[in-house]
Amino acid sequence: MTAVTDTSHHEDHHHGPAKGLMRWVLTTNHKDIGSMYLWFSFAMFLTGGAMAMVIRAELFQPGLQIIEPAFFNQMTTMHGLIMVFGAVMPAFVGLANWMIPMMIGAPDMALPRMNNWSFWILPFAALMLISTLFMEGGGPNFGWTFYAPLSTDFSPPSTTFFIFAIHMLGISSIMGAINIIATILNLRAPGMTMMKMPLFVWTWLITAYLLIAVMPVLAGAVTMMLMDIHFGTSFFNAGGGGDPVLFQHIFWFFGHPEVYIMILPSFGIVSAILPTFARKPLFGYTSMVYAVASIAFLSFIVWAHHMFTVGIPLVGELFFMYATMLIAVPTGVKVFNWVSTMFRGSMTFETPMLFSIAFVVLFTIGGFSGLMLSIAPADFQYHDTYFVVAHFHYVLVPGAIFAIFAAAYYWLPKWTGHMYDETLGKTHFWLSFIGMNLTFFPMHFIGLAGMPRRIPDYALQFADFNMIASIGGFMFGATQFLFLFIVIKCIRGGEKVGDNPWETDGLEWSVPSPAPYHTFTTPPDVK
Amino acid sequence: MADKDDKNPLDSSRRTMIRTGLVAGGMFGFGFAMVPIYNVFCKVTGLNGKTDPNPYKYDAEKAQVDTSRTIKVQFVATKNTAMSWDFKPTVTEIKVHPGQVGELDFIARNPTDARMIGQAIPSVTPFQATNFLHKVECFCFTTQTLEAGEEKVMPLRIIVDQALPRHITKLTLSYTLFDVTSMGERTLAS
């Protein structure tokens, strides 16, 4: 076994980062790129969040108060697109960049230049996407799922820019995924066998495979839209022999694995944090790995549960219903393993642990409402109501976002060399926790009562719950500036920490804090 | 590197990159392959209610009329959003025995002062009946061109297959008329 030769080394053999702006433009360092991903993601989180605030402000009371319905549609669409492609996915890629090489004892990502490229595509794609809001006819207004023919025959002229933005975001994700696979498969330290890898690495490996399998399908779908709009084809135009329902099949073939892309890395994060603060090893490591793999496999055969009401035959409804329910089995394995990890542990409740426990509880609630939605005959009632909105925000906000917060608090001492402010961190947690539940829990009720999603106005009987949801939304939104403050405060100073402030296992805790610019240039020995 | 001792990690990374890149490229192709797969699947199963775009080969000798049951066939004419024509069937419902030819007319009128091309897209409900409703003659096999102000009577002749499952007693044949002026005249039949 030879030591890794660092061929990307500069001739002058300096080990610190370059100076000035060009450091960030030209960097191939996984830590620099990881940080850029995380900052970009946070900027997008605030942007998409501002749009959510506009939505909640309009829905504060019934009637049209603040914005036009046409602009409201653009807000719901852009909020979804930006949160999915701009906030959640880049945040996970950023965490992968920072942590995977340090967790498997690699000196850097396997393909550092491609890494730089996959990041730097993102700001331009996001800028192009956001710029559509200022174009004639406005930005995309057809929902983040952009169903044809709404997104082809009836879409604003800016849709072409939307399509190219999706192309670019897709290319970035695919390159990021390829890089992660190449790193995990080829750069593990000697002795770091697959079944010794931390679960965050495992979940990201599987996520990366999902990404290379489905992001190209999304690229195909938007390419077909592009051709329908500009080149006279009829993929989704029934008048020319196409079929709009086909769009939904292609979209959800991408879309369902996509929702697991946004949750699997969270599973890895929580599986790292719970054992640390319960002071017990993770319960059922092997079953966790197989559970994640099963969830990933099942994600490919359940897509039509998003389409129960388009008129698929009984056999199809039953197949997709049972296949969807089957996902509850591996997910249940994971939840029980997390609970068993905490059971009779010496638990302490630092901020990352609070976010992780909230993840387990609230993600399970989101999973249960997902099970309710999977029941085909009942779904006809729930379809396109606020119940669906409540469901996917319960799996995405406390699922993806809380896990990202937990990861940030957990690894901030490693990244900065300082401990974050625990009091402020806990304040951030509780305000987020209360705000989030206040926002999304009432949505279950108004959804079951029949309030449709994506409308700027609603019937009077939904007024009270909507006002509660809006108050919770403003609370959750405002709280995130506290997170920004905590992170900046932690970067600028604070209590110095040692290599292993949480006294836990893992290669990332064997290097100094803050992690030096280059780590594991000589592979560590993994026992 | 973990298991291949003598290999340079750069080479193995490059190999991984090429392989995964090929998978991504293949999946891009698969997205497009879903179009014919979907069409063939729907044609075989009749799932999306799309009927055969070709005229049914009517064989008078084989076509035994099954007088033991009568099937109600209803007709619906819808215009797609941008379509300005008047479009309706002369009767909204006929009763036929399986194997018997049912005839009626649809009337289309172009009230605009420009020449336009329309395409009617049929759909059958319930879906299980899709492959049992045959069209011997239909204006939907090709595009229809109407001059400004022109009105056209378009005949439709259908046969309900004798093999239609017995629990189905009522069919709906729905046409949606699309404005395809920009696409030009063509025929959907193959």
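Calculation notes
- Residues numbered from 1 in each chain as written.
- Chains lettered and ligands numbered in written order.
- Predicted model: local features only at pLDDT ≥ 70, side-chain atom pairs only at ≥ 80, totals over all residues.
- Heavy atoms only, no water.
- Helix = DSSP H or I, 4+ residues; strand = E, 2+ residues; numbered from the N terminus.
- Buried < 20%, exposed > 50% of the residue type's maximum accessible area, 1.4 Å probe, protein only.
- Contact = heavy atoms within 4.5 Å.
- Areas by Shrake-Rupley, 256 points an atom, 1.4 Å probe, with all protein chains shown as cover.
- Buried area = accessible area lost by both parts, 1.4 Å probe.
- Salt bridge = Lys/Arg side-chain N within 4 Å of Asp/Glu carboxyl O.
- Polar contact = N/O pair within 3.5 Å; in protein donor to acceptor, adjacent residues only side chain to side chain.
- Axes fitted to C-alpha atoms, helices over the stretch in contact; angles between N-to-C directions.
- Parallel < 35°, antiparallel > 145°, perpendicular 65-115°, else oblique.
- Left-handed = near helix turned anticlockwise from the far one by under 90°.
- Nonpolar A, V, L, I, M, F, W, Y, C, P; charged D, E, K, R; others polar.
- Expected span 1.5 Å × (residues − 1).
- Bend = angle between axes of the 7 residues up to and from the residue.
- Domains from an automatic or database assignment.
- Pairing = 2+ DSSP bridges.

Caption draft 1: Geometry of the overall build of chain B. Looking only at helices and strands, one finds one helix and nine strands in chain B. Scored against the burial criterion, the 190 residues of chain B give a buried share of 39%. In chain B, the share of contacts with a sequence separation of at least 24, taken over all contacts with a separation of at least 6, comes to 77%. With an accessible surface of roughly 9900 Å², chain B has 55% of that area assigned to carbon and sulfur atoms.

Caption draft 2: Examining the interface of chain A and chain B more closely. Listed as interface residues are 43 residues of chain A and, on the opposing side, 33 residues of chain B. Roughly 3300 Å² of surface becomes buried between chain A and chain B when both sides are summed, with 72% attributable to carbon and sulfur atoms. Our enumeration of links across chain A and chain B arrives at zero salt bridges. Across the contact surface, chain A and chain B share three residue pairs in polar contact (both at pLDDT 80 or more).

Caption draft 3: Region of interest: the packing of helix α9 (residues 285-298) of chain A against helix α11 (residues 328-342) of chain A. Residue and element names in this part refer to chain A. Where α9 meets α11, the axes come as close as 8 Å, and the angle between the chain directions of the two elements is 150°. Comparing the axis directions of α9 and α11 gives the class roughly antiparallel. Taken as a pair, α9 and α11 cross one another with a handedness that is left-handed. Of the residues in α11, those in contact with Ser-287, Met-288, Ala-291, Val-292, Ser-294, Ile-295 and Leu-298 of α9 are Pro-330, Thr-331, Val-333, Lys-334, Asn-337 and Trp-338. Counted by class, the contact of α9 with α11 contains eight nonpolar, four polar and one charged residues.

Caption draft 4: Representation of helix α6 (residues 199-230) of chain A in the model. Residues and elements named next belong to chain A. The first and last C-alpha atoms of α6 sit 45 Å apart over 32 residues, in line with the 46 Å expected at 1.5 Å per residue. Taking the largest bend as the criterion, α6 deviates by roughly 25°, centred on Ile-212, and proline Pro-216 comes between one and four positions later. Two residues or fewer past α6, Gly-232 is found with a positive phi of approximately 70°.

Caption draft 5: Local environment of unusual backbone geometry. Omega for the bond connecting Ala148(A) with Pro149(A) falls within 30 degrees of zero, at 5°, which places this linkage in the cis form. Its place among the elements puts Pro149(A) in the loop between α4 (112-131) and α5 (159-186). Between Thr125(B) and the following residue, Pro126(B), the backbone shows a cis peptide bond with an omega angle of -10°. Take Pro126(B): it is sitting in the loop between β5 (116-125) and β6 (133-137). Phi is positive for Asp384(A), which is not a glycine, with a value near 60°. The topology assignment puts Asp384(A) in the loop between α13 (376-382) and α14 (386-416).

Caption draft 6: Representation of the domain arrangement of chain B within the structure. When its domains are assigned, chain B resolves into domain 1 (1-45) and domain 2 (71-183). Using C-alpha coordinates to define each centre, domain 1 of chain B is positioned 44 Å away from domain 2 of chain B.

Caption draft 7: Structural context of the sheet that holds β5(B). Residue and element names in this part refer to chain B. Strand order in the open sheet made by the five strands is β3-β1-β9-β5-β7, with mixed pairing throughout. Of all strands in the sheet, those with a lone pairing partner are β3 (93-96) and β7 (144-146), marking the two edges. Ignoring strand direction, the axes of neighbouring strands in this sheet form an average angle of 30°. Relative to β3, strand β1 (residues 71-79) is paired through four bridges, and the arrangement is antiparallel. Across the sheet, the residue bridging to Val-73 is Ile-94, located in β3.

Caption draft 8: A look at the packing of α6(A) against helix α8 (residues 264-278) of chain A. All names here are of chain A. For the pair α6 and α8, the least separation of the axes is 7 Å and the interaxial angle reads 175°. Here α6 lies roughly antiparallel to α8, going by the angle between them. Residues Leu-199, Phe-200, Thr-203, Trp-204, Ile-206, Thr-207 and Leu-210 of α6 pack against Leu-264, Pro-265, Phe-267, Gly-268, Ile-269 and Ser-271 of α8. In terms of residue class, the contact of α6 with α8 is made up of nine nonpolar, four polar and no charged.

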